[in-house]
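# Architecture at a glance
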Amino acid sequence: MDEPKGRASWRRGTRQRESVVDALGSARGFRTAQQLHGQLERSGRKVGLATVYRTLNELAEAGEVDVLRAASGEALFRRCATDDHHHHLVCKECGVSVEVGDRAVEAWVGRTARRHGFTDVTHALELIGLCRDCTG
Ligand SMILES: [Zn+2]
Ligand SMILES: [Zn+2]
Ligand SMILES: [Zn+2]
């Protein structure tokens, strides 16, 4: 069986980079670079905030992590459970996220692009709100 794509480049990374990837992998939802940095410090791993930022941006560019823009403009990062195209329901309070998808949405994107003569169309769609725990 094939390994998930992106594995090889993680293996090549430095120890610091691996620490960042680990911290991201153990997070339940989206995290800011600052939050991940704090998480690493608490676990006794010395990784500078600048390294955390750089690593996250590299991983995002390589498509190995998902990035969202919070209402504040801050970037939120998450290592997704799947490489397949999907969307997220994200709690704006605690950052917890659920990976969701809907064939009707994908079909609508294709139809709309075709109707306007567009090709090579990509899209990003995130559903932001309050999770059950943060409601009420
Ligand atoms: Zn995801
Ligand atoms: Zn929440
Ligand atoms: Zn989609």
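As a starting point, this report considers the structure included with it. (Residues numbered from 1 in each chain as written. Chains lettered and ligands numbered in written order. Predicted model: local features only at pLDDT ≥ 70, side-chain atom pairs only at ≥ 80, totals over all residues. Heavy atoms only, no water.)

### Thoughts on the coordination of the zinc ion (ligand 1)
Around the zinc ion (ligand 1), the protein supplies C80 (SG), H86 (NE2), H88 (NE2) and E99 (OE) as donor atoms, at distances of 1.9 to 2.3 Å. Angles of 93 to 124° at the metal separate the four donor atoms of the zinc ion (ligand 1), which places the site in the tetrahedral class. (Donors = N, O, S within 2.8 Å, 3.2 Å for Na, K, Ca; no water. Tetrahedral: all angles 85-135°; square planar, octahedral: opposite > 155°, others 65-115°.)

### Some details on the coordination of the zinc ion (ligand 3)
Taken together, the protein donors to the zinc ion (ligand 3) comprise H85 (NE2), H87 (NE2), E106 (OE), E106 (OE) and H123 (NE2), at separations of 2.0 to 2.7 Å. Read in sequence order, the donor residues for the zinc ion (ligand 3) give the motif H-x1-H-x18-E-x16-H. Of the two residues, H87 is situated in strand β3 (residues 87-91) and H123 in the loop between α5 (103-115) and β5 (126-129); the sequence distance between them amounts to 36 residues. (Helix = DSSP H or I, 4+ residues; strand = E, 2+ residues; numbered from the N terminus.)

### Some details on the sheet that holds strand β4 (residues 97-100)
Reading across the sheet, the three strands line up as β4-β3-β5 and stay open at both edges, with mixed pairing between neighbours. Looking at which strands have only one partner, the edges of the open sheet turn out to be β4 and β5. Taken pair by pair, the neighbouring strands of this sheet meet at an average axis angle of 15°, ignoring direction. Strand direction decides the pairing type here: β3 and β5, joined by four bridges, are parallel. Residue pairing across strands places L89 opposite L127, the latter belonging to β5. (Pairing = 2+ DSSP bridges. Axes fitted to C-alpha atoms, helices over the stretch in contact; angles between N-to-C directions.)

### Overview of the packing of helix α3 (residues 33-42) against helix α4 (residues 49-61)
At a minimum axis distance of 9 Å, the contact between α3 and α4 shows a crossing angle of 125°. With respect to α4, the axis of α3 lies oblique. Crossing geometry of α3 relative to α4 is assigned as right-handed. Mapping the contact onto sequence places A33, Q34, L36, H37 and L40 in α3 and L49, V52, Y53 and L56 in α4. Broken down by class, the residue content of the contact of α3 with α4 amounts to seven nonpolar, two polar and no charged. (Parallel < 35°, antiparallel > 145°, perpendicular 65-115°, else oblique. Left-handed = near helix turned anticlockwise from the far one by under 90°. Contact = heavy atoms within 4.5 Å. Nonpolar A, V, L, I, M, F, W, Y, C, P; charged D, E, K, R; others polar.)

### Focus on helix α2 (residues 15-26)
Look at α2: 17 Å from first C-alpha to last across twelve residues, which is about the 16 Å you get at 1.5 Å a residue. Residues R17, S19, V20, V21, A23 and L24 constitute the buried set of α2. (Expected span 1.5 Å × (residues − 1). Buried < 20%, exposed > 50% of the residue type's maximum accessible area, 1.4 Å probe, protein only.)

### Points about unusual backbone geometry
The bulk of non-glycine residues show a negative phi, and the bulk of peptide bonds are trans. Its identity is not glycine, yet D120 carries a phi of approximately 55°, on the positive side. Along the polypeptide, D120 turns up in the loop between α5 and β5.

### Brief notes about α3
Burial in α3 covers these residues: A33, L36, H37, G38 and L40. In this fold, the buried residues of α3 make contact with α2, α4 and β2 (75-78). Positive backbone phi, at 80°, marks G44, one or two positions downstream of α3.

### Quick notes on the side chain of H86
In this fold, H86 is placed in the loop between β2 and β3. Judged by relative accessible area, H86 falls into the buried class, the value being 15%. A polar side-chain atom of H86 sits 2.5 Å from the main-chain carbonyl oxygen of D84. A polar contact of 3.1 Å, which involves the side chain of H86, links it to the side chain of E99. (Polar contact = N/O pair within 3.5 Å; in protein donor to acceptor, adjacent residues only side chain to side chain.)

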